[in-house]
Protein chains: 2
Amino acid sequence: MSVLIVGSIALDDVKTPIEERVNLLGGSASYAAVAAGYFSPVNLVGIVGDDFPAEHWNFLKDRGIDLAGVERAVGKTLRWSGEYMWDMNTRETRSIALNVFEGFAPDLPAGYPESDFALLANIAPELQLRVLRQMKKPKFVIADTMDLWINIAKPALLELLQNIDMLILNDSEARELTKETSLIKAGRKIQSLGPRIVAVKKGEHGCLLFGENEFFSCPAYPLEDIHDPTGAGDTFAGGLTGYLASRANGAVTFEMLKTAVVVGSVLASYNVEAFSLERMRTVEQKDILARFYEFQEIARFDAGTL
Amino acid sequence: MSVLIVGSIALDDVKTPIEERVNLLGGSASYAAVAAGYFSPVNLVGIVGDDFPAEHWNFLKDRGIDLAGVERAVGKTLRWSGEYMWDMNTRETRSIALNVFEGFAPDLPAGYPESDFALLANIAPELQLRVLRQMKKPKFVIADTMDLWINIAKPALLELLQNIDMLILNDSEARELTKETSLIKAGRKIQSLGPRIVAVKKGEHGCLLFGENEFFSCPAYPLEDIHDPTGAGDTFAGGLTGYLASRANGAVTFEMLKTAVVVGSVLASYNVEAFSLERMRTVEQKDILARFYEFQEIARFDAGTL
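1. Topic: the interface of chain A and chain B
Now for step 1: In this complex, chain A contributes 34 residues to the contact, which on the side of chain B involves 34 residues.
Now for step 2: For the side of chain A that touches chain B, the elements supplying multiple residues, two or more each, are helix H7 (183-192), strand E13 (215-218), helix H9 (254-271) and helix H10 (285-299) of chain A.
Now for step 3: Counting residues per element, the side of chain A that touches chain B draws most heavily on H9(A), which supplies 6 residues.

2. Some remarks on the packing of helix H8 (residues 232-247) of chain A against H9(A)
Residue and element names in this part refer to chain A.
Now for step 1: In contact at an axis separation of 7 Å, H8 and H9 are set at 140° when each is read in the N-to-C sense. The angle between the axes of H8 and H9 places the two elements in the oblique class. At the point where H8 passes H9, the crossing takes the right-handed sense. Here H8 contributes Ala232, Thr235, Phe236, Ala237, Gly239, Leu240, Tyr243, Leu244 and Arg247 to the contact with H9, which in turn contributes Met256, Thr259, Ala260, Val261, Val263, Gly264, Ser265, Leu267, Ala268 and Asn271.
Now for step 2: The residue makeup of the contact of H8 with H9, split by class, is 12 nonpolar, 6 polar and 1 charged.

3. Concerning the relation of the copies chain A and chain B
Now for step 1: Each copy of the sequence occupies a distinct position, and chain A is placed on chain B by a rotation of 180° and an axial shift of 0.0 Å, giving an RMSD of 0.0 Å. The symmetry that links the two subunits is that of a two-fold axis.
Now for step 2: A share of 100% of the interface residues of chain A reappears at the interface of chain B, consistent with the copies meeting face to face through the same patch.

4. Thoughts on the pairing of strand E4 (residues 42-48) of chain B
Along any regular strand, the residues point their side chains to alternate faces of the sheet.
Residues and elements named next belong to chain B.
Now for step 1: When you tally the buried positions in E4, you get 7 out of 7 residues, the bulk of the element.
Now for step 2: With 4 bridges connecting them, strand E1 (residues 3-6) and E4 associate as parallel partners. The partner of leucine 4 across the bridge, within E4, is asparagine 43.
Now for step 3: Here 5 bridges tie E4 to strand E5 (residues 66-72), and the two strands are oriented parallel to one another. Looking at E5, one finds that glycine 46 is bridged to valine 70.

5. What about the environment of Arg175(A)?
Residue and element names in this part refer to chain A.
Now for step 1: Along the chain, arginine 175 turns up in helix H6 (residues 171-178).
Now for step 2: Sequence separation between arginine 175 and alanine 186 is 11 residues, and the spatial gap between their C-alpha atoms is 6.1 Å.
Now for step 3: Setting aside its immediate chain neighbours within four residues, arginine 175 contacts Glu180, Thr181 and Ala186.

6. With respect to the sheet that holds strand E7 (residues 91-97) of chain B
Backbone-to-backbone hydrogen bonds pair the strands of a sheet. The strands run either parallel or antiparallel.
Residues and elements named next belong to chain B.
Now for step 1: The 4 strands are arranged E3-E2-E6-E7 in an open sheet whose pairing can be described as mixed. Edge positions in the sheet fall to strand E3 (20-26) and E7, since each of these pairs with one other strand and no more. Neighbour to neighbour, the strand axes of the sheet diverge by 20° on average, direction disregarded.
Now for step 2: The sheet contact formed by strand E2 (residues 10-15) and strand E6 (residues 79-84) spans 5 bridges and is parallel. Pairing of lysine 15 across the sheet is with glutamate 83, part of E6.

Criteria and thresholds
- Residues numbered from 1 in each chain as written.
- Chains lettered and ligands numbered in written order.
- Predicted model: local features only at pLDDT ≥ 70, side-chain atom pairs only at ≥ 80, totals over all residues.
- Contact = placed C-beta atoms within 7 Å.
- Helix = DSSP H or I, 4+ residues; strand = E, 2+ residues; numbered from the N terminus.
- Axes fitted to C-alpha atoms, helices over the stretch in contact; angles between N-to-C directions.
- Parallel < 35°, antiparallel > 145°, perpendicular 65-115°, else oblique.
- Left-handed = near helix turned anticlockwise from the far one by under 90°.
- Nonpolar A, V, L, I, M, F, W, Y, C, P; charged D, E, K, R; others polar.
- Least-squares fit on C-alpha atoms with pLDDT ≥ 70 in both.
- Buried ≥ 20, exposed ≤ 12 C-beta atoms within 10 Å, placed from the backbone.
- Pairing = 2+ DSSP bridges.

Everything listed here is a matter of geometry and, on its own, says nothing about what the molecule does.
Quick look at the structure:
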């Protein structure tokens, strides 16, 4: 089944303690679309400027991503510049220039409203809602969000929560949104705000998945060397959605969601091994499977002689 | 097989945002011994004062714990007083009075040196070493430690690490000991200091287990209400050691260790449901099994149609 993905498409400058790189393909939708594309046809919605390199455009196109929904506007592409501290966990945004993204008001091209699945990747909840309203009864809608929107666009975010099936956010955002310290309480509270499924990402500690009466704790892959964490969350969301769309002919079950969370984690663990989307150039289905089984091994234990 | 456990036995005053309780049975060895006692005979080594309540003594005795190694000295029992903040995660020690513990220099009574397993629960590494030196070739030695000893007794701790099979510590301690931010790097580095097995406890995020060429990520139980976190780590270590001792007739395998880590986590998750060791009064083997299977369900996922 097809997946509509809306989000940002950006040019990133990224500095890590080891290396600095400029003009990288970035943005929540770029990462999510490439990850989802491993499993399902992707209809991408976004905006780029007339400075957007043909190299990046062709990279997305060559992955089979439908770019009919990507507007090419006069002006500059959204630019983000960030720096990771020595621990690779904390990062500082050095600068952000919205450029053409400032006027982004997506209208879906023909065919897009009929997409079966939607991933409203991390952008302002008003924009996520605008896209969602143009869709015709999608089977399953997933939204990602971030602390910025909790702080400056909470009413729109709360409205969004009433209209989606699943929310993805990280641990500090879950705490901020609910004012609960316990992630278990926070997850349950977010469900009461609308989405029947909530995924709380915990970085190096994995991910918690809350279902209606179910709960799943997904481990993190034990990576020793991370080269660029940018886009890990977007890749996770994209992989998860793409996998679900490829498998859910009927209802989306919790068993499917668990597998999807691991698939998303596998893709994210690969993505951080190189800058931007570079690692995705070489990751194949067989690599995804191989690491999926490693995840199973990491999490598996039996009752033995208990 | 029998387990020797050495550590502190204390009287605790504990304040949580909800309740305050005094003269509770506490101390690393008390928690560890009761947890280990679910699976194996326990030889306890510690010291109490002449004010130690008969009620606490009898509680330990009634659990079948051998108390021949517990010295009853003239003076007051070690006292600890602590307060948990509203999030139940951070705690402040309000006061600590070593009392008779100050002169603690354990000599093992007859039979104790032949114990098959040893858990050197959280006390000064010099004391852990003193006990270990009196033992006759135990099969498997586990030590627990804390940030205090990393800061004030690092040489003794490093000597201890050369003489044990497994170290248990929490995430911030692992980082402090190794100066590594990545817990994966920290765990591997601690192995290079001696112990072939390392367990890094992550509180609400579960536990990481490092083997020689193996790795296991144990989830945390999704508890919504914690009444008293005191002793959770000691209960974890005790349950883990007791289970191992009951099952390991031959070599301690990584499969056994994984199961043991889950068993320890199960016991710790019960223990925090009430003050002191009160929850342990009613937890039975069948409860341990029931929650063990819940842990399996929380961590289980399959490849589905991947």
